[in-house]
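# Structural features, examined
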Amino acid sequence: MNKLIGIATVSLVSLLGCGGMDGDGSPDATLSEAEEARLVFTREEEKLARDVYMALDSYGAPFTNIQDSEQRHFDSMGQLLVSYGLEDPAAGQAVGEFADPKLRDLYAQLVAQGAPSQLAALTVGCAIEDLDLRDLEVGLAETDAADITAVYENLSLGSRNHLRAFYGQLTAAGGTYTPQYLDQATFDAIVSSPTERGGR
């Protein structure tokens, strides 16, 4: 599979009472250009994950339930864009439509790769979550803002659970997946550990 563009369970509203934002509802920090760019791009990346899973949901679980989780990821990023006064690249975009042409092409590529069989679809799911986790690590390293950190950490928890679900079904069906973005030790630690609780 060609390298995917950088991707990523909680509504930001659920963080307001636990240190996610300042008490007056204002954002926690003035952002750098890199932080702003990461927020904007991650918003569309979460749409990408959701839209791909919607396109592949004829294969049933985990696509049917994980797309709902990706919707919450997408909504969380939208709340952050509102909080920081950033333009939403996903505004008015239908399923499979993206402001970024690279993501539009990637959507078509992933759906085509996953469509032929359940094993192919589960492999695409593993790749998306593998990349999500690597990119969320980068995002966490870029920011000191408490509200953004809280969202990225919760998205990471969700992506670890998604990876466990996809990988578990893939291997049960006789398939294999070698991580493309996480190192092997990190990947193995995730898929061999139990589902995590916490967050929404």
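Structure: see above.
As a starting point, this report considers the structure included with it. Predicted model only: the values in this text are computed from it and were never measured.

Moving on, we come to the overall build of the chain. Helices and strands together make up the secondary structure of the chain, namely 6 helices and 0 strands. Element order for the chain, N to C, with α for helix and β for strand: α-α-α-α-α-α. Per-residue burial for the chain yields a buried fraction of 48% across its 200 residues. Approximately 8,700 Å² of the chain is accessible, and the part contributed by carbon and sulfur atoms is 50%.

Before going further, it helps to spend a moment on the packing of aromatic side chains. Between two aromatic rings, the relevant description is the distance of the centres plus the angle of the planes. Taken as a whole, this structure holds 6 aromatic pairs when the rule is applied. Relative to Phe166, the ring of Tyr53 has its centre 5.2 Å away and its plane inclined at 45°; by these criteria the two rings are tilted. Note that Tyr53 is positioned in helix α1 (residues 33-55) and Phe166 in helix α5 (residues 146-172), a separation of 113 residues in sequence. Residue Phe166 is classed as buried on the basis of its relative accessible area, which comes to 0%. Measuring from centroid to centroid gives 5.9 Å for Phe98 and Tyr107, while their planes differ by 45°, and the two rings are tilted. For Tyr107, a relative accessible area of 16% puts it in the buried group. Positioned above the aromatic ring of Phe98, the side-chain terminus of Lys47 is 4.4 Å from the ring centre. Across from the ring centre of Phe74, 4.9 Å away, lies the NZ or CZ of Arg50, which sits over that ring.

Quick look at the nonpolar core now. Counting 27 residues, the largest nonpolar core has Leu48, Val52 and Tyr53 as its most contacted members. Counting residues per element, the ones that place at least two in this core are α1, α2 (63-83), α3 (101-114), α4 (118-142), α5 and α6 (184-191). Sorting elements by how many residues they give to this core places α4 first, with 7 residues. For Val52, the contacting residues outside a window of four places in its chain are Tyr107, Leu110, Val111, Val124 and Ile128. One finds Leu31, Leu39, Leu80 and Leu155 within the second-largest nonpolar core, a separate group that totals 13 residues.

This part is about the packing of α4 against α5. Close contact between α4 and α5 brings their axes to 9 Å; oriented N to C, the two are set at 155°. As far as their axial angle goes, α5 and α4 are roughly antiparallel. Between α4 and α5 lies a crossing of left-handed hand. When grouped by side-chain class, the residues that make up the contact of α4 with α5 number 12 nonpolar, 9 polar and 4 charged.

In this structure, Glu196 sits in the segment after α6. Since its relative accessible area comes to 25%, Glu196 is described here as partly exposed. Counting along the chain gives 39 residues from Glu196 to Leu157, while the straight-line C-alpha distance between them is 7.0 Å. Of note is the side chain of Glu196, whose polar atom sits 3.1 Å from the side chain of Arg164.

With respect to the element layout, Arg38 can be found in helix α1. Setting aside residues up to four positions removed in sequence, Arg38 forms contacts with Asp135, Val138, Gly139, Glu142 and Tyr152.

When the terminal C-alpha atoms of α3 are compared, their 20 Å separation across 14 residues agrees well with the 20 Å that a helix rising 1.5 Å per residue should span. Among the residues of α3, those classed as buried are Leu103, Leu106, Tyr107, Leu110, Val111 and Gly114. One side of α3 carries all its buried residues, which in axial view fall inside an arc of 130°. Within α3, the exposed residues directed more than 90 degrees away from the buried face are Lys102, Asp105 and Ala112. Contact partners of the buried residues in α3: α1 and α4.

Cut-offs and rules
Residues numbered from 1 in each chain as written. Predicted model: local features only at pLDDT ≥ 70, side-chain atom pairs only at ≥ 80, totals over all residues. Heavy atoms only, no water. Helix = DSSP H or I, 4+ residues; strand = E, 2+ residues; numbered from the N terminus. Buried < 20%, exposed > 50% of the residue type's maximum accessible area, 1.4 Å probe, protein only. Areas by Shrake-Rupley, 256 points an atom, 1.4 Å probe, with all protein chains shown as cover. Phe/Tyr/Trp six-rings, centres within 6.5 Å; stacked < 30°, edge-to-face > 60°. Lys NZ or Arg CZ within 6 Å of the ring centre and 35° of its normal. Core = buried A, V, L, I, M, F, W, Y, C linked by side-chain atoms within 4.5 Å. Contact = heavy atoms within 4.5 Å. Axes fitted to C-alpha atoms, helices over the stretch in contact; angles between N-to-C directions. Parallel < 35°, antiparallel > 145°, perpendicular 65-115°, else oblique. Left-handed = near helix turned anticlockwise from the far one by under 90°. Nonpolar A, V, L, I, M, F, W, Y, C, P; charged D, E, K, R; others polar. Polar contact = N/O pair within 3.5 Å; in protein donor to acceptor, adjacent residues only side chain to side chain. Expected span 1.5 Å × (residues − 1). Arc of directions from axis to C-beta.

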